Amino acid sequence: MKQNLRKLFLFSFLLLIGQVSLAQEKEITGTVTSKADGIPLPGVNVIVQGTTNGAQTDFDGNYSLTANVGDILVFSYIGMTTLEITVADSNTINAKLEEDAQQLSEVVVTALGIKKTRKSLTYAAQDINADELNKAKQTNPMNSLSGKVSGVSITRSSSGVGGSVKVTLRGNSSIGNNQPLYVVDGVPLSNPSSSQPGETFGDINGGNRDGGDAMALINPDDIESLTVLKGASASALYGSAGLNGVILITTKKGRSGSFKVDFSSNLTVDSAAYTMEFNDEAQGNIDDFLDTGITNINSLSVSGGTEKAQTYFSYSNSFASGILPTNNLKQHTFNVRETAQLFDDKLNINASVMASTQNIKNRPISGLYFNPLVGTYAFESDSERLSDYANFEEFEPNRNIMAQRWFRGTSDIEQNPYWILNRNASEDTNKKLIASLNLNLKVNDWLSLQTRGTYDQSLFNFERRIYATTEATLAPANGRYIVFENDYTQLYGDFIANINTNINENTSVTAIVGASTTRTTTETFNADSGTNGGLQFANVFTYQNFNGNPAVNFTQNSLETRVNSVFASATIGFSDKVFVDLTARNDWTSTLPEENNSFFYPSVGVTGVLSELFELPESISFAKLRASYAEVGNGFAADLISPNNSIIFGGGGVNPTDPIRPFPGSTPKPERQKSFEIGTEWRFNNNRLGFDIGYYNTKTVDQYYAFATSVSIIGAPQANLNSGEILNKGIEASIFAIPVQKDDFKWTTNVNFAANKNEIVRIYNGQQLEGLIEPEFFTLSGKGVNTFGSYLVEGGSFGDIYAQVVRRNADGLPIIEGDAVIQNDDNTVDGLTKVGNANPDFTLGWNNSFQIKNFTVDFLVDGKFGGETMSMTEAIVEGFSNNSARETNNGSVNVQVDGVATTMSAQDYYGKVGGRNGFTGEYIYSATNVRLAEFAVGYNFKLGENSLFKRVKASLVGNNLLFFYKDAPHDPNLSLSTGNALQGVDVLGLPSSRSIGLNLNVTF
């Protein structure tokens, strides 16, 4: 009996224990979101600490699992800080995860799409995320880089919305192309421009026009992140294409377990803001002529997927009306990207297609030909306003056509501006198609094989219809028709073996071995009825209406370049503290002679993580020292070694002017760049403060350019030869800090500094060749019929500005003899005197971001210090009219006339020194400027749990809002050309604009 009672008691006790245990275990549910924006996070791992009991959030961020009171739930997600929450009485546990800035920055995408840890990098690389690019969105995303990356100079085009951008990394180093290589998702992007201005006076064959570039055709909202590889060590694996540095763009893709719809709309109002100082009457006419522009950029993206396949689709459009009347832009961009993981995730597939089309009516030009600003700025009348001539034509009964109407006779450079806009109208149609496929096979734990292929086509078409009674210098009596068509196609393919293994417990190796091939074709067609050939019937714009004579221009050409390459790279890590980086590449190019078409270039770098090698104070979170050396070769453009003679249309035979060929007896070889850099990176107080500072020294030798020759010996006035040396050296520094970080307030600030010193070490290497005329300089922008020039002179710098200068006496007074201003002809180059340099001594950008509860405030101060700029706009206006404020105010200018010190009215003096062939040395200004480049105030709306939206943010945004300091009568951050010519001069370029508007971001 007692035994049975013991059994019953034991059973009851165990039952009670079990009931207590069951009572403690319960089902926990909740939602995991991003603390920054409240968006649900799919795929978050939720696990009971110390067990295998866990779950993963669904696409709405929801999870469910069982746990006991007192258990600790661990929430972990890539790019977010891990969060631990103890289970209490509640059955609902919601978690908000914060971005882990340190974790996000640990992995960097480098050359050829290779991912490396930041601490292993032996060279400078700087990242920009998508939010930073789109805070104050612009039609060309490269404009948003200004001031945000050290060592990167961004110069906006004066051609308005849709214009190309001049991007220079660490200074100009070549008489050829100085633009960086753009790489999208690991594959080089073709970024041609069909035309860039080359002369200050303008181009009589259609105007000084900007043909645009590929970056203006990319949707900014498709960009996830951007990395700038500045030096040759960083870009050596791309070979000659990466000679000037690389900008890597990673685009967005679908995520597994999530479905998301993002929509953004950006609407800004643009107004002309920075012009020379006119008198009130002239300014009134200009204000009446120029419009208020409107830019609207809309983007919609849909992304989602399963663990095995993910999709990203986006569509964007841009509609803009410029500040120049009749100038407008329409652009549409489609992007589809598919990613998939097959065969137990051993095979990764990445396929994408991007298509973009852009149409621009009356893209603004610079210079004097076909430019409506000439007549606008020069108009002066006591009885009429410029707007009285908006009715720009009148009937001419003798010809039965409408003829141009203007208040005075037209000239080669001046017409009714409304006539130019409507009867000399232009249209640009640009298109871009990129299709790529990437296959990556994981063979085992240490080896993967990757192959990629890309088809990249860019189409640039231009048309200008010039009606009869246009000024005769520009068109014959019946008018003129101009058409340019350019088709650029690039085929790229590579095969890469990726190796990632450990030799022993202290030595790791990450390496690649691969080969690539690139084929680029250029098809051009130009048709121009010309200034002498003309049209048979007035204002009939067809090819059939061309007169069939040699003065008519029909040109068709086809060019091809091929580059085959092999390359290898290895990063050897020692105890994850010291890293040695080695690269090697060999290119074979079709643009060099067969006996010299192969060029090899290596790089070597080393970095040591000081914070792991030595015991440093606890306040130092991270420290490293890096150094590297690299050499990169540069091939030629097509048709330089064996160029063909052109055939003249209309039975004119072969063009008697022979194209420039290599110097007889010389063997062309590739340009070569040798670069050394050293730098250090430090972070303090758990990454609340840090800096990266570096020094570089880059020498570019064997430039390939045309030398003057003895015609009697060589048979041609010029011949190409390898020669010259250009040196760039400088310092770059970037500093970041988080001075305040609280739950409801965070302040992040970044400062970027760069100083570059450029020197033309030599133009001529001293080769003694018969018939060679030793050069004194190399011309970037020739003076032609103008008085501005840019030349490379030994001891000078790239971007030096030369001008016609007034001779002054010992007291600095301009010398005038009789009625003529006397020119200073001392120390001249091509008859002009050096007056400055277009490049700044140093640049400084200060970027700030504030998060105040649901509000965000962002602003960027961008400064360029030093350098000079010339206002030929002011010179031309004062030579043609009395419309400048200083002429109207009629102040006096101290001068010396016939040896006697006296005064002259400003109107008389500037009337003498100004004009189209004036003394441009009188129009030199400091290019130093400091501006509020971007400003944005945003609000993240609080949304309920049942809201249709996951995120709604509205922002007030502004671009180029004001100058804290500016000396020049124009915006010195604008460029007439993205090439090497016309730097540091403004010749009636479209005024810079101020943009203010609204931006809306919605996530479903």
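Since this is a predicted model, take the numbers as computed values, not measurements.

**Considering the overall build of the protein**
Counting its secondary structure elements, the protein contains 12 helices and 56 strands. The dimensions of the protein, computed from C-alpha atoms along their principal axes, are 140 × 65 × 65 Å. Burial analysis of the protein (1004 residues in total) assigns 53% to the buried set. Considering only contacts in the protein between residues 6 or more positions apart, those separated by 24 or more positions represent 69%. Accessible area of the protein: about 42,300 Å², with a carbon and sulfur share of 53%.

**Topic: the pairing of strand E28 (residues 553–574)**
Where strand E27 (residues 507–528) lies against E28, 22 bridges are found, and the strand directions are antiparallel. In the sheet register, valine 513 faces E28, and the bridge partner there is alanine 568. Counting the residues between successive antiparallel strands, the hairpin from E28 to strand E29 (residues 578–589) contains three residues, one of them, serine 575, with a positive phi of roughly 60°.

**Topic: the nonpolar core**
Ranked by internal contacts, the top residues of the largest apolar core, which has 46 residues, are Phe289 and Val985. Mapped onto this core, the elements with two or more residues apiece are helix H5 (280–289), helix H6 (372–378), helix H7 (417–423), strand E25 (447–466), strand E26 (480–504), strand E41 (800–803) and helix H10 (872–880). Setting aside residues no more than four positions away along its own chain, phenylalanine 289 makes contact with Leu324, Pro325, Pro372, Leu373, Thr376, Leu386, Pro417, Tyr418 and Leu421.

**Comments concerning the pairing of strand E18 (residues 293–305)**
Bridge count for strand E17 (residues 259–274) against E18 is 12 bridges, and the pairing is antiparallel. Each bridged residue has a counterpart across the sheet, and for valine 269 the counterpart in E18 is isoleucine 294. Sheet analysis places E18 next to strand E19 (residues 309–321), joined by 12 bridges and oriented antiparallel. Its bridge partner lying in E19, isoleucine 294 is registered against serine 321.

**Concerning the environment of glutamate 677**
Mapped onto the elements of the fold, glutamate 677 is located in strand E35 (residues 671–684). Separated by 297 residues in sequence, glutamate 677 and leucine 974 have C-alpha atoms that sit 30 Å apart. Not counting residues up to four positions away in its chain, the partners in contact with glutamate 677 are Tyr123, Ala124, Arg170, Gly231, Ser233, Arg626, Ala627, Ser628, Tyr695 and Tyr696. At 3.2 Å, the side chain of glutamate 677 forms a polar contact with the backbone nitrogen of alanine 124.

**Let's talk about the sheet that holds strand E12 (residues 165–169)**
Read across the open sheet, the three strands follow the order E12-E11-E54; overall the sheet is mixed. Two strands lie at the open edges of the sheet, namely E12 and strand E54 (974–975), each paired on one side alone. As defined by bridge partners, strand E11 (residues 152–157) adjoins E12 across five bridges and the pair is classed as antiparallel. Residue pairing across strands places arginine 156 opposite valine 165, the latter belonging to E12.

**Quick word on the packing of aromatic side chains**
Scanning the model with the defined rule gives 44 aromatic pairs in all. Between phenylalanine 777 and tyrosine 791, the aromatic rings sit 5.1 Å apart at their centres with planes inclined by 70°, giving edge-to-face as the arrangement. You can see phenylalanine 777 sitting in the loop between strand E38 (745–762) and strand E39 (778–781) and its partner tyrosine 791 sitting in strand E40 (residues 788–792), a full 14 residues away along the chain. Residue phenylalanine 777 is classed as partly exposed on the basis of its relative accessible area of 24%. Aromatic ring contacts, followed pair by pair, group Tyr467, Tyr481, Phe525, Phe541, Tyr543, Phe546 and Phe554 into a single cluster. Its end group placed over the ring of phenylalanine 462, arginine 209 keeps NZ or CZ at 4.0 Å from the ring centre. Here arginine 423 stacks its cationic end above the ring of tyrosine 467, 5.0 Å away from the centre of that ring.

**Structural notes on the side chain of serine 734**
Of note, serine 734 is situated in strand E37 (residues 718–741). Residues within four places of serine 734 in sequence aside, it is in contact with Gln126, Ser150, Gly690, Phe691, Asp692, Val751 and Asn752.

**Here we look at unusual backbone geometry**
One non-glycine residue, asparagine 685, adopts positive backbone phi at about 50°. Take asparagine 685: it is sitting in the loop between E35 and strand E36 (689–708). In this structure asparagine 685 comes out as partly exposed when scored by relative accessible area, which is 46%.

**Examining the pattern of salt bridges**
As enumerated under the stated definition, the model contains 42 salt bridges in all. Notably, a salt bridge pairs aspartate 587 with arginine 585, separated by 2.8 Å at the nearest N-O pair. An identical accessibility class is assigned to aspartate 587 and arginine 585; each is buried. Across the pair aspartate 825 and arginine 807 runs a salt bridge, and its minimum N-O distance is 2.7 Å.

**Looking at a nonpolar patch on the surface**
Taken together, Leu582, Val604, Leu625, Tyr629, Phe676, Ile678, Ile693, Tyr695 and Ile731 make up a surface patch of nonpolar side chains, about 700 Å² in accessible area. Listing elements by their share of the nonpolar patch, those giving two or more residues are strand E31 (620–634), E35 and E36. If you trace the backbone, leucine 625 turns up in strand E31.

Each value, and the rule that gives it
- Residues numbered from 1 in each chain as written.
- Predicted model: local features only at pLDDT ≥ 70, side-chain atom pairs only at ≥ 80, totals over all residues.
- Heavy atoms only, no water.
- Helix = DSSP H or I, 4+ residues; strand = E, 2+ residues; numbered from the N terminus.
- Buried < 20%, exposed > 50% of the residue type's maximum accessible area, 1.4 Å probe, protein only.
- Contact = heavy atoms within 4.5 Å.
- Areas by Shrake-Rupley, 256 points an atom, 1.4 Å probe, with all protein chains shown as cover.
- Pairing = 2+ DSSP bridges.
- Core = buried A, V, L, I, M, F, W, Y, C linked by side-chain atoms within 4.5 Å.
- Polar contact = N/O pair within 3.5 Å; in protein donor to acceptor, adjacent residues only side chain to side chain.
- Phe/Tyr/Trp six-rings, centres within 6.5 Å; stacked < 30°, edge-to-face > 60°.
- Lys NZ or Arg CZ within 6 Å of the ring centre and 35° of its normal.
- Salt bridge = Lys/Arg side-chain N within 4 Å of Asp/Glu carboxyl O.
- Patch = residues over 30% accessible without salt bridge, like charges linked within 9 Å, V, L, I, M, F, W, Y side chains within 5 Å.

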